[in-house]
Every structure is written in C-alpha cells, then in structure tokens.
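Inside the fold
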Amino acid sequence: MSINTIGIVGAGTMGNGIAQACAVKGLNVVMVDINEAAVQRGLTTVAGSLDRLIKKDKLSAADKDAALARIQATTSYEDLKAAQLVIEAATENEALKLKILGQLDALLPADTIIATNTSSISITKLAASTQRADRFIGMHFFNPVPMMALVEIIRGLQTSDATHDAVKAMAEALGKTPISVKNAPGFVVNRILVPMINEAFFVLAEGLATAEDIDAGMKLGCNQPIGPLALADMIGLDVCLAVMNVYVEEFADSKYRPAPLLKEMVAAGWLGRKTGRGVYRY
C-alpha cells in the first residue's frame, strides 16, 4: 500500500510534531482539531520548530516553506478522506479516543488504515471498536517527535501483516527507527519508564533527596539525558498518572499504584511545563 497523505487528529504537542515529521519528508498532511484556534496553534508550533532548525543550519528557508505548504490545517473530518493513513493523536483518554475512532471508522474509506498514538491503552480494545480491526494499529511516537528516532509499532490481536508492514515502512520513510511490539499495557518503553518516574515521586515524597538531586543522580548515575522528575514535567503529570492508573486496572498489581504525591500534584493542576508548574516551575 502506497502512503502519500497522512491524516492526523489532534494538533497538540504530539499531533503537530507528527505533522512536522511527515511534512519535512515530503508527505502531504491533513491535521484536524476541534476549532480554528487549536489548528492555528499547531501550525504556529510547527513553524517555530522549523525556524529553530534553520538557525542550526539543519533546514533551509525554502524547505520550511515547502513543509508548511504540505500541511492542511482544518476543523473538518471530511478532509481526512484523502489520507491513506489516519493517526489519532488526541489526549490520553480512552472515552475520547473511542469517540474519535468511531467517527473516523464511519467516515473513512474501507481500505484506510487507522493508527492510534496512545501510550498505554489496549490496541486490541480500540481496534474492536471499529469495523476495520485488521487495518488498525498502534503507532506510538515519542516527544519531541521531530527529534526522537523511536516509533513503537503495536499490533492488536486483529492487526494484519499487511497493515503492520505498511505502517512500519512509513515510519522508516520518516527516518524513524520502528520496533514491533505486542499489545500490552504501556507496551515496552512506557511499561519500563513510567513506573520509574512514579518511583521518583515516592522518593521525593519520602524526602530522600531534593528533586534536583534525584534528577542529577539519575542523569549522572544512569547516563540519562534528563532526570525522571523533569521528564514527568515534560510528558505531563496528568499523562503519567493516567498511564499508572491503566497499569493498576489492567494488571491488578499493587506495585503499579500511583504515588500519592503524583496524584496530589495533578489534583492541584500542577501538570508540568504545559501549566507552568509541576515538580519545577517554568
């Protein structure tokens, strides 16, 4: 299957990052969000990211203009009909994703592949909500999408080989390194990463060290480029909590219980960089 037009539902951090990665590699993009303000914010973010690449001599002004010209920003789902692959990149909320996937499934041509950028929700369950479960797959990008090389390609129980192979090839065409993963809560990377972040909140709450020293310890002692608490602020504390709640529900194992401090910060609205305050102030 030849994929030359990508649909993206969601113009937020992940959606606009995926749009940029696709457009820079010559693919046409249709990026949809709920209102004009949201899609314009997404476009502005992409333009700013491309400007930074120009300053680093990694992109020319002409390449920037060409990439932006390939992105159609819209509020109409109807415009997604031109895409061979549509990636759902909405907030990590199962009910919301199911609603969006239902709309897409009813609208899109029968041979269109639908992918979800979920970081923890069952691909098999999401696929079963559609009439094209064999053409449904997980395509988990990592933030910031233009910079991060990894894409997890997650097969649901129903995903066909042809769908897997087409999406894997598309990820490679973007210059990404895909890994093939079976469906399970958190898949591979977040199954390991988010419990580590959660444990850092337990350590912080117990007063074993300051946030700065916890992050410094993991950076210098484990060769991580960013400490777990700073990473939580980048990901969003609400997203980290949502993932841990999925693990608790799916595994029924107390080792995945969310740290009370993480829950408290989310309740306070301290979600990280996007709200100006999380573990750190921004």
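Residues numbered from 1 in each chain as written. Predicted model: local features only at pLDDT ≥ 70, side-chain atom pairs only at ≥ 80, totals over all residues. Heavy atoms only, no water.

Bringing the overall build of the protein into the picture now. The number of helices and strands found in the protein is 11 helices and eight strands. A compact globule built from 282 residues would reach a C-alpha radius of gyration of about 19 Å, and the protein, at 19 Å, matches this within 12%. A principal-axis box enclosing the C-alpha atoms of the protein has dimensions of 55 × 45 × 35 Å. Taking as baseline every contact in the protein between residues at least 6 positions apart, the subset at least 24 positions apart corresponds to 66%. Element-wise, carbon and sulfur atoms account for 54% of the exposed surface of the protein, whose accessible area totals about 13000 Å². Here the protein contributes 27 positively and 29 negatively charged side chains, and the mean placements of these two sets differ by 2 Å. (Helix = DSSP H or I, 4+ residues; strand = E, 2+ residues; numbered from the N terminus. Rg over C-alpha atoms; globule rule 2.2 N^0.38 Å. Contact = heavy atoms within 4.5 Å. Areas by Shrake-Rupley, 256 points an atom, 1.4 Å probe, with all protein chains shown as cover. Lys, Arg positive; Asp, Glu negative; His and termini not counted. Charge placed at Lys NZ, Arg CZ, Asp CG, Glu CD.)

Here we take up the side chain of T163. Along the chain, T163 falls in helix α6 (residues 161-173). Look at T163 and you get buried, because its relative accessible area is 3%. Within the structure, T163 has its side chain in polar contact with the backbone oxygen of D134 (distance 2.9 Å). Sequence-distant contacts of T163, that is, excluding residues within four places in its chain, are made with I113, D134, R135, F136 and I137. (Buried < 20%, exposed > 50% of the residue type's maximum accessible area, 1.4 Å probe, protein only. Polar contact = N/O pair within 3.5 Å; in protein donor to acceptor, adjacent residues only side chain to side chain.)

On to the side chain of S119, then. Relative to the helices and strands, S119 is located in the loop between β5 (113-116) and α5 (123-128). Overall, the relative accessible area of 10% leaves S119 in the buried class.

Under the feature "domain: 3-hydroxyacyl-CoA dehydrogenase C-terminal" (unreviewed entry), the UniProt entry names residues 186-282. For residues 186-282, the helix share is 63%, the strand share is 0%, and the end-to-end C-alpha distance is 28 Å. (UniProt positions renumbered as here; feature names shortened; annotations may be inferred.)

With that settled, consider the environment of R41. For R41, the position within the fold is in helix α2 (residues 36-55). R41 sits in the exposed class, given a relative accessible area of 55%. On a C-alpha basis, the gap between R41 and G7 in space is 17 Å, while along the polypeptide they are 34 residues apart.

Bringing unusual backbone geometry into the picture now. Omega for the peptide link from N143 to P144 comes to 0°, which places this bond in the cis form. One non-glycine residue, N223, adopts positive backbone phi at about 60°. Along the chain, the position of N223 falls in the loop between α8 (211-222) and α9 (228-235). With a relative accessible area of 71%, N223 lands in the exposed category. Here A252, not a glycine, exhibits a phi torsion of approximately 50°, which is positive. Residue placement: A252 occurs in the loop between α10 (237-251) and α11 (260-268). Classification of A252 by relative accessible area gives exposed; the value is 70%.

The next point concerns the UniProt feature "domain: 3-hydroxyacyl-CoA dehydrogenase NAD binding" (unreviewed entry) in the protein. Under the UniProt annotation, "domain: 3-hydroxyacyl-CoA dehydrogenase NAD binding" (unreviewed entry) lies at residues 5-183. The span residues 5-183 shows a helical share of 41% and a strand share of 22%, and its end C-alpha atoms are spaced 26 Å apart.

The next thing to look at is the sheet that holds strand β1 (residues 5-9). The strand order β3-β2-β1-β4-β5-β6-β7-β8 describes an open sheet built from eight strands, whose pairing is mixed. Of all strands in the sheet, those with a lone pairing partner are β3 (71-74) and β8 (177-182), marking the two edges. Each strand of the sheet is rotated relative to its neighbour by a mean of 25°, with strand direction disregarded. Note: strand β4 (residues 85-88) against β5, four bridges, orientation parallel. Bridge pairing in β5 places L85 opposite I113. On top of the sheet, α2 reaches β2 (28-32) and β3; it is set at about 155° to β3, its chief contact. (Pairing = 2+ DSSP bridges. Axes fitted to C-alpha atoms, helices over the stretch in contact; angles between N-to-C directions.)

So, on to α10. With 15 residues, α10 extends 21 Å from end C-alpha to end C-alpha; this agrees with the ideal 21 Å at 1.5 Å per step. Taken residue by residue, α10 has L237, C240, L241, V243, M244, V246 and Y247 as its buried positions. On the buried face of α10, the contacting elements are α7 (189-205), α9 and α11. At the exit of α10 stands A252, carrying a positive phi of roughly 50°. (Expected span 1.5 Å × (residues − 1).)

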